Amino acid sequence: MARITVSIGSNIEREHHVRVCLDALAATFGPLAISRVFESEPVGFEDGRNFYNLVVAFDSDRPVGELQAWCKRLEFANGRRKGVPKFSPRTLDIDLLTVGDLTGRHDDVELPRDEILHHAFVLKPLAELLPEACHPITGRCYRAHWGEFEAGQQRLWPVAFVWQGRHISTPE
């Protein structure tokens, strides 16, 4: 079994789609470790709708390609469309961040995902969820990476969020 991490984002019916995603992940993969939910300003998007972002970890022995395909099927089942510009609003965006300590290209997926070290909306929830876990390439823990991160204009803040009767996130 490998520890899998995925990032989840939505800026269309955010609460609904994040809950649907968490329900599907739990039903398919079992117990989840879930970061707080953060609201973030869109990076690179002309549509100004803010995102909800979080990171989830779970254990699985599925191959990388199967994990990636599962994520994409869930996105499309929830209204994600093909053929739209890259920085278009989205109901659900699920990105495979890490699969254990795998590095390099596996089943046409680059691991670990590059965005981990470049976007606050990925690194902050990951660093809070798994602070002592190490990035598979740098070997440094996510807490250390976040401590040195220059967020610049990537603003994000925790929001109140309840899933299955559990308060998984509260504002600061």
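Look up: the structure comes first, before these words.
Rules used throughout
Residues numbered from 1 in each chain as written. Predicted model: local features only at pLDDT ≥ 70, side-chain atom pairs only at ≥ 80, totals over all residues. Heavy atoms only, no water. Helix = DSSP H or I, 4+ residues; strand = E, 2+ residues; numbered from the N terminus. Rg over C-alpha atoms; globule rule 2.2 N^0.38 Å. Buried < 20%, exposed > 50% of the residue type's maximum accessible area, 1.4 Å probe, protein only. Contact = heavy atoms within 4.5 Å. Areas by Shrake-Rupley, 256 points an atom, 1.4 Å probe, with all protein chains shown as cover. Core = buried A, V, L, I, M, F, W, Y, C linked by side-chain atoms within 4.5 Å. Salt bridge = Lys/Arg side-chain N within 4 Å of Asp/Glu carboxyl O. Axes fitted to C-alpha atoms, helices over the stretch in contact; angles between N-to-C directions. Left-handed = near helix turned anticlockwise from the far one by under 90°. Nonpolar A, V, L, I, M, F, W, Y, C, P; charged D, E, K, R; others polar. Polar contact = N/O pair within 3.5 Å; in protein donor to acceptor, adjacent residues only side chain to side chain.

Colleague: Would you take a moment to explain the overall build of the protein chain for this structure?
Modeller: In terms of helices and strands, the protein chain carries 4 helices and 10 strands. Helices (α) and strands (β) of the protein chain occur, in sequence order from the N terminus, as β-α-β-β-β-α-β-β-β-α-α-β-β-β. For the protein chain, the C-alpha radius of gyration of 15 Å lies close to 16 Å, the compact-globule estimate for 172 residues. Taken along the three principal axes of its C-alpha coordinates, the protein chain extends 35 × 35 × 35 Å. For the protein chain, buried positions account for 47% of its 172 residues. Across the protein chain, the fraction of contacts at a sequence separation of at least 24, relative to all contacts at a separation of at least 6, is 65%. For the protein chain, the accessible area works out to roughly 8,600 Å², and carbon and sulfur atoms hold 49% of it.

Colleague: Sorry if this is basic, but what is going on with the nonpolar core here?
Modeller: Here is a general trend for soluble globular proteins: nonpolar side chains tend to be buried in one another's company. Among the nonpolar cores identified, the biggest contains 32 residues, and Val6, Ile8, Leu22, Leu25, Val56, Phe58 and Leu96 are the most heavily contacted of them. For this core, the secondary structure elements donating two or more residues are strand S1 (2-10), helix H1 (14-29), strand S4 (51-60), helix H2 (64-77), strand S5 (93-99), strand S7 (109-111) and strand S9 (161-163). Of all the elements, H1 adds the most residues to this core, at 6 residues.

Colleague: Explain the pattern of salt bridges here, please?
Modeller: When the charged atoms of two side chains lie near each other, side chains of opposite charge can form a pair. By the definition in use, this model includes 14 salt bridges. A salt bridge links Arg155 to Glu41, with the nearest nitrogen and oxygen atoms 3.1 Å apart. Highlighted residues: Arg155 in the loop between helix H4 (142-148) and strand S8 (156-158) and Glu41 in the loop between strand S3 (38-40) and S4, separated in sequence by 114 residues. Here Arg113 makes a salt bridge to Glu115, at a shortest N to O gap of 2.9 Å. Residue classification places Arg113 among the partly exposed residues on the basis of a relative accessible area of 26%. Judged by its relative accessible area of 26%, Glu115 is partly exposed. One network of salt bridges, in which partners are shared, links Arg36, Lys124 and Glu128.

Colleague: Is there a simple way to explain the packing of H1 against H2 in this structure?
Modeller: Between two packed helices, the angle of one axis relative to the other and the distance separating the axes together describe the packing. Close contact between H1 and H2 brings their axes to 11 Å; oriented N to C, the two are set at 145°. When you trace H1 past H2, the crossing you get is right-handed. On H2, the residues that touch Cys21, Ala24, Leu25, Thr28 and Phe29 of H1 are Leu67, Trp70 and Leu74. For the contact of H1 with H2, a count of residues per class yields 7 nonpolar, 1 polar and no charged.

Colleague: When you look at the side chain of His135 in this model, what are you seeing that I'm missing?
Modeller: Summarising the element assignment, His135 is placed in the loop between helix H3 (120-129) and H4. Side-chain polar atoms of His135 contact the backbone nitrogen of Thr138, separated by 3.3 Å. For His135, the contacting residues outside a window of four places in its chain are Pro112, Ile116, Leu117, Arg140, Tyr142 and His145.

Colleague: Just to check I follow, could you spell out the side chain of Ser35 for this structure?
Modeller: Within the secondary structure, Ser35 sits in the loop between strand S2 (33-34) and S3. Ser35 sits in the buried class, given a relative accessible area of 3%. For Ser35, the side chain forms a polar contact with the main-chain nitrogen of Val55, separated by 2.9 Å. The contact partners of Ser35, leaving out residues within four places of it in the chain, are Leu54, Val55, Pro125, Leu129 and Ile168.

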